[in-house]
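# Understanding the architecture of this molecule
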Amino acid sequence: MQRYSRQIILPEIGIEGQKCLHNASVLCIGAGGLGSPALLYLAAAGVGRIGIVDDDCVDVSNLQRQILFNEEDVGQRKVDVAQCVLQAMNTHITIKPYATRFTAENAEHLLQNYDVVIDGTDNFASKFLINDACVKYKKPLIYGSILGFEAQVSVFSATHGACYRCLHPEPPKGHIPNCAEAGVIGAMAGIAGTVQALEAIKMLLGVEWCAAHNLQPLLGRVWLLDARSMDVCTLTLHKNPNCPVCSKPHDEIVLHAEVQVCVDHNIGSISMAELNAFEGAHIIDVREPHECAQGMIEGAENIPLEQLLQGHELPRNCPLIIYCQHGMRSQRGAQHLLERGYQDVMHIEGGYAQFL
């Protein structure tokens, strides 16, 4: 009563609502920028059982936004650190770590014992797989996404409205940069992850409870924030009767990992150390100008990927070597040039980040 008194005093929660949270469970997929604040607030709120799925280790670049971790945690598994931090915060709840990637093969095993799922991932392939699994196994999904100064959050539940594929039926074509490439302000992760925690609490209380207590989960709505101006809007999302997933019977939904970017794996790759062996090569930096301002390979030409994909002409009488920050955009650029008939095309595996 004392620990949760500030929640219990709310007419929308009360003692019965707090008991409901204590008996409820959440599975958070991803313990990064979104998962960190979401997990902290759910543990503090007294959610009885929390599962954490993540196969990554703490990197120093995570510390700018992933507030579960500190400098001493670098190199350790995120789920192990998260379990220790959350358990120390609240010894009256259960924290279950899963040091694995969420896959089509383990989806049913991971989801079956949890009431609500939080998507804390940062790539389209994972988001589509998580959505499809939640529809198939009838789990409400708290979706969140951030990039730069922008954030969006929604609640998808096939039993009460639209799913993620009603918003995006298929993965986007072409390359979509993630936070490692395009950047993100750390506080955006805090805002979006906290909103996800709030929406998870609503869904743990139940749709009927919310209706009776003047609470409105983001079912059928997408909450958008542009933090550059602090403009906020909420878009209505209707269930698509022809949705490739939630319009099907549950037992007909087949789980598989979407391929976000179609890449020809026969594209030649070299390392930074091998670059000097290619005399006379034309080197192309497909990063954005603001990234190049921090440093480039000497003699390289900056042609942002989107400009390259629009048909930028390049010499055909010498090898073409493409690089980006981490090696993902360069693969897409190399594939595009091969499709246009360029013969001697390679990309630098691992990208310019190897210099840093």
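A quick note: this is a predicted structure, and the numbers were derived from the prediction, not measured. (Residues numbered from 1 in each chain as written. Predicted model: local features only at pLDDT ≥ 70, side-chain atom pairs only at ≥ 80, totals over all residues. Heavy atoms only, no water.)

## Comments concerning the overall build of the chain
Of regular secondary structure, the chain possesses 13 helices and 13 strands. Computed over the C-alpha atoms, the radius of gyration of the chain is 23 Å, within 12% of the 21 Å expected from 2.2 N^0.38 for a compact globule of 356 residues. Based on the C-alpha atoms only, the size of the chain along its principal axes is roughly 75 × 50 × 40 Å. Residue burial in the chain is summarised as follows: out of 356 residues, 50% are buried. Taking contacts inside the chain between residues at least 6 apart in sequence as the whole, the part at least 24 apart equals 68%. Total accessible area on the chain stands at roughly 16,900 Å², and carbon and sulfur atoms take up 52% of it. Positive and negative charge centroids in the chain, built from 25 and 39 side chains respectively, lie 9 Å apart. (Helix = DSSP H or I, 4+ residues; strand = E, 2+ residues; numbered from the N terminus. Rg over C-alpha atoms; globule rule 2.2 N^0.38 Å. Buried < 20%, exposed > 50% of the residue type's maximum accessible area, 1.4 Å probe, protein only. Contact = heavy atoms within 4.5 Å. Areas by Shrake-Rupley, 256 points an atom, 1.4 Å probe, with all protein chains shown as cover. Lys, Arg positive; Asp, Glu negative; His and termini not counted. Charge placed at Lys NZ, Arg CZ, Asp CG, Glu CD.)

## Section: the sheet that holds strand 11 (residues 301–302)
Spatially, the five strands line up as an open sheet ordered 9-13-12-10-11, and their pairing is parallel. On the outer flanks of this sheet lie strand 9 (268–270) and strand 11, each paired with one strand and no other. Across four bridges, the pairing between strand 10 (residues 282–285) and strand 12 (residues 320–323) is parallel. Within strand 12, the position partnered with D285 by the bridge is Y323. Contacting strand 12 and strand 13 (345–348), helix 13 (residues 328–339) runs over the sheet at an angle of about 180° to strand 13. (Pairing = 2+ DSSP bridges. Axes fitted to C-alpha atoms, helices over the stretch in contact; angles between N-to-C directions.)

## With respect to the packing of helix 3 (residues 35–45) against helix 4 (residues 78–89)
Between helix 3 and helix 4, the least distance of the axes is 9 Å, while the angle of their chain directions is 30°. With respect to their mutual orientation, helix 3 and helix 4 come out roughly parallel. In the packing of helix 3 onto helix 4, the handedness of the crossing is right-handed. Side by side, helix 3 and helix 4 meet where L39, L40, A43 and A44 of the first sit next to V85, L86 and M89 of the second. Its residues assigned to classes, the contact of helix 3 with helix 4 comprises seven nonpolar, no polar and no charged. (Parallel < 35°, antiparallel > 145°, perpendicular 65-115°, else oblique. Left-handed = near helix turned anticlockwise from the far one by under 90°. Nonpolar A, V, L, I, M, F, W, Y, C, P; charged D, E, K, R; others polar.)

## Some thoughts on the environment of I303
As for its position among the elements, I303 is in the loop between strand 11 and helix 12 (305–309). With a relative accessible area of 0%, I303 lands in the buried category. Taking the C-alpha atoms as reference points, I303 and V286, 17 residues apart in sequence, are found 5.1 Å from one another. The residues touching I303, leaving out its near neighbours within four places in the chain, are I284, D285, V286, L308, H312 and L314.

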